[in-house]
Amino acid sequence: MMIIMNTDASQKQVDQVIVKVKALGFDPHIVYGEERTVIGVVGNNPFIATQGQLFRMPGVDRVMPISRPYKLTSREFIREDSVFPLDGVDIGGRGIVIIAGPCAVEDRGLIIEIAHAVKEAGAHALRGGSFKPRTSPYAFQGHGEKALKWMAEARQATGLPVVTEAMSEEQIELVTHYADVIQIGARNMQNYSLLHAAGASQHPVLLKRGMSSTVEELLMAAEYILSHDNRRVILCERGIRTFENSTRNTTDINAIPVLKEKTHLPVVLDPSHATGNWNYVTAVARAGIAAGADGLIVEVHQEPENALSDGFQSLKPERFAEMVTQIRNIAQAIDRDIAVSSHVSL
Ligand code: PEP
Ligand code: MN
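Residues numbered from 1 in each chain as written. Chains lettered and ligands numbered in written order. Predicted model: local features only at pLDDT ≥ 70, side-chain atom pairs only at ≥ 80, totals over all residues. Heavy atoms only, no water.

*Asks:* I keep staring at the site of ligand 1 and nothing clicks. Help me out?
*Replies:* All residues adjacent to ligand 1 are Cys 103, Arg 127, Lys 132, Pro 133, Gln 183, Gly 185, Ala 186, Arg 187, Lys 208, Arg 238, His 273 and Glu 299. Within the contact set of ligand 1, an oxygen atom lies 2.9 Å away from a side-chain nitrogen or oxygen of Lys 132. In this structure, Ala 186 approaches ligand 1 through a main-chain N or O atom, which is 2.8 Å from an oxygen atom. When the free accessible area of ligand 1 is taken as 300 Å², the share hidden by the protein chains comes to 98%. (Near = heavy atom within 4 Å. Polar contact = N/O pair within 3.5 Å; in protein donor to acceptor, adjacent residues only side chain to side chain. Areas by Shrake-Rupley, 256 points an atom, 1.4 Å probe, with all protein chains shown as cover.)

Here's what the structure looks like:
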């Protein structure tokens, strides 16, 4: 539920409510809005247990239940879009943010070269897996910490913030040491100890939708992270499993406006995993932006035919540059634009 304070409530009154909520055994989550402060109260059935005791407190305007099962993630709790910086660029605002790079970080020279290439083409952040979740245990598993160090070097060379996956709770510390955004992959969307650890880290998180998960399950997974008062979560639609097998996955374009309605969090589309085929990536990326996504995460490789993973769905840098131009046109047609990054080309 949420406690909506009066517009002129004092900080002391807010503090008294917080103390009371804690004394009743619930977790308060405070949002200092432009007009008024709202205190989210989460726990088992807080509304029934506490409503009567809270609504008469000084400074309290009203106490309302949040009807959705996800609370802090819902638009009922936070009405305005959440906008936050990713080292040099804001995500969730009017500007479209583009994250690009290889599926996996393969070697030092290649990642630095691709970082320059995607930046040149207009990307705002660099992606690349250091720990790779592979269907086969015999497939390339990623270079681990070595790859994280190369990513950090690529960031230093280009200024681009780095997005990389943590596959387990134990990897969070290492990943947050080197990277700007923790990616949680589709296969791990309901790995609750990983979600808790990512929340507790207070690092930005890019949370991918599980390939067989509903939108509501994605929002519930995000709620785990937000329950640690970590609100810097980016949701990612990356295609779901359906009966259709002409593409690797089926892009759930509907999920984009649905998510934008149900949550204040930024939403991005991954057209690479959603299609599994480089030839469809640009078309589906355009559709995602037209549908209201706040950004894209796209696989780009200088030699897709030699990539150690997901080469078939990776764009070459020239094609990626064309994609960015087309995305700019789509964005402008819906009164948005490509985000402006404060990093000047080095
Ligand atoms: C990836 O981004 O390379 C990846 C493994 O994605 P997903 O978790 O969506 O399959
Ligand atoms: Mn991949």
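*Asks:* Before we go on, may I ask you to explain the nonpolar core in this structure?
*Replies:* Within soluble globular proteins, side chains that are nonpolar tend to cluster in buried spots. Formed by 75 residues in total, the largest nonpolar core has its most connected members in Leu 126, Leu 207 and Phe 320. Per-element accounting of this core gives the leading share, 7 residues, to helix α7 (residues 215-226). Not counting residues within four places of it along the chain, the set of residues in contact with Phe 320 comprises Ile 98, Ala 100, Val 118, Ala 121, Ala 123, Val 298, Val 300 and Leu 315. Membership of the second largest hydrophobic core comes to 15 residues, among which are Val 97, Val 181, Ile 297 and Ala 339. (Core = buried A, V, L, I, M, F, W, Y, C linked by side-chain atoms within 4.5 Å. Buried < 20%, exposed > 50% of the residue type's maximum accessible area, 1.4 Å probe, protein only. Helix = DSSP H or I, 4+ residues; strand = E, 2+ residues; numbered from the N terminus. Contact = heavy atoms within 4.5 Å.)

*Asks:* Looking at this structure, how should I read the packing of aromatic side chains?
*Replies:* We describe a pair of aromatic rings using the distance from one ring centre to the other and the angle between the two ring planes. Considering all chains together, one arrives at 1 aromatic pair under this definition. Seen in terms of ring centroids, Tyr 192 and Tyr 224 are 4.5 Å apart; in terms of plane orientation they differ by 25 degrees. Their pairing is stacked. Placement of the pair is Tyr 192 in helix α6 (residues 192-201) and Tyr 224 in helix α7, with a sequence separation of 32 residues. The partly exposed category is assigned to Tyr 192, whose relative accessible area is 36%. (Phe/Tyr/Trp six-rings, centres within 6.5 Å; stacked < 30°, edge-to-face > 60°.)

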